[in-house]
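One letter stands for each residue in the lines below.
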Amino acid sequence: MSKTSKRTIFSGVQPSGTLHIGNYLGAISNWVKMQDEYNSIFCVVDYHAITVKQDPKELSRNILDVVKIYMASGISAGDGSAPGGSPEKSVIFQQSDVSAHTELAWILNCAAARVSDLNKMTQFKDKAGEEKENVSVGLYDYPILMAADILLYDTDLVPVGEDQKQHVELARVLARRFNSQYGKVFKVPGVEIKKEGARIMALDDPAKKMSKSASPASYIALTDTPDVAAKKIMRAVTDSGYDIKYDKKNKPAISNLLTIYSLITGEDIKKLEIKCERECSGYGDFKKKVAEALGEFLETFQKKYNSFEDDEVREILKNGAEKVRPVAEETLFMVKHKLGII
Ligand code: AQP
């Protein structure tokens, strides 16, 4: 991959479990829209996943499955000749295949990041909770590796869900700090967050974000059958009252379901409120509609998802790493040169 005149986007997903509609609606669907306009690099961030314990067999399965999710969502990588393939618009690769990521992370740890930067990270506080003395050092340092991922590729924009905004802001701080101390190497990246769907909430607790490491009842996996998804929607918590109204403060659960319904169908939330007022006699009817729309979406999505072979995916990852490695190594070389290592 050579540096092009197009602006570059970089983003990734951890292969830390089954991807859910939050990952899709908040991040991946946005990548699909952006890939025509941008030089697009999408990573399977396996080194991020091992910041918490992973079962080795499941991890290697999840790495391939994340690529299948990217492709089923509409990310086109590969040469288009494989079954289900389409013309290449994006590069997909596995983080651990390009060693410059961990090398740069170490350098940023030493030459740019401060303990006080990491102490501000809210995701660490949420994920570590009471266990903060016992979790891995990697979980604490995760945002520095994420900064390295982004900064290696002269990234202009990082499209992510809202939970990752603070991490991208840290990447900006580290880029500026390194540049001012050692001379300019890094482009300072921007963050791109969708207006709707940037934070899809858990079905069992609308105060928490939908998360793949939480209980399966709290999320709709992109691989859930329509029946399983319908059961989860029907059991989702609701708010007091009867109105089907978007009101995040007073009706967080219904607002979350309305957001999902709107993004899946492409219908405006206001129109859906009117439709539901006319056609639903309560939350039960409303949930049935959401479940039906989700079922249709999942069926189409999974047809594509199941059409990809493991070997095809391995080939895409291998080719992707070969394309991005020279760009990453060039940036790393410049960094090492500025530091006086090379
Ligand atoms: N609930 C969400 N709503 C909108 N966007 C979301 N994202 C994650 N959850 C939601 C976005 O999906 C992308 C990939 O996320 P990730 O897997 O790299 O890590 P995460 O943000 O920590 O997601 P999870 O599901 O909560 O994973 P686990 O449980 O493994 O930590 C990111 O752009 C993220 O913002």
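Whatever comes next refers back to the structure up there.
Colleague: Teacher, can you tell me more about the overall build of the protein chain here?
Modeller: In terms of regular secondary structure, the protein chain is built from 13 helices and five strands. Taking the principal axes of its C-alpha atoms as reference, the protein chain extends roughly 70 × 50 × 40 Å. Counting across all 342 residues of the protein chain, residues that qualify as buried make up 52%. Relative to all contacts within the protein chain whose residues are 6 or more apart in sequence, the contacts with residues 24 or more apart total 75%. Only carbon and sulfur atoms are counted for the fraction: they give 50% of the accessible area of the protein chain, which is about 16,200 Å².

Colleague: Help me understand the site of the ligand, please; the structure alone is not making it clear to me.
Modeller: Not every one of the 24 residues close to the ligand is listed here, only the nearest: K127, D163, K209, K212 and S213. A distance of 2.3 Å separates an oxygen atom of the ligand from a polar atom in the side chain of K127. Here a nitrogen atom of the ligand sits 2.9 Å away from a polar atom, N or O, in the main chain of M210. Counting only elements with at least two residues in the shell around the ligand, the list comes to β1 (8-13), α1 (21-34) and α6 (122-128). Among the elements that make up the shell around the ligand, the one with the highest residue count is α1 (four residues). In terms of residue class, the shell around the ligand is made up of six nonpolar, 13 polar and five charged.

Calculation notes
- Residues numbered from 1 in each chain as written.
- Predicted model: local features only at pLDDT ≥ 70, side-chain atom pairs only at ≥ 80, totals over all residues.
- Heavy atoms only, no water.
- Helix = DSSP H or I, 4+ residues; strand = E, 2+ residues; numbered from the N terminus.
- Buried < 20%, exposed > 50% of the residue type's maximum accessible area, 1.4 Å probe, protein only.
- Contact = heavy atoms within 4.5 Å.
- Areas by Shrake-Rupley, 256 points an atom, 1.4 Å probe, with all protein chains shown as cover.
- Near = heavy atom within 4 Å.
- Polar contact = N/O pair within 3.5 Å; in protein donor to acceptor, adjacent residues only side chain to side chain.
- Nonpolar A, V, L, I, M, F, W, Y, C, P; charged D, E, K, R; others polar.

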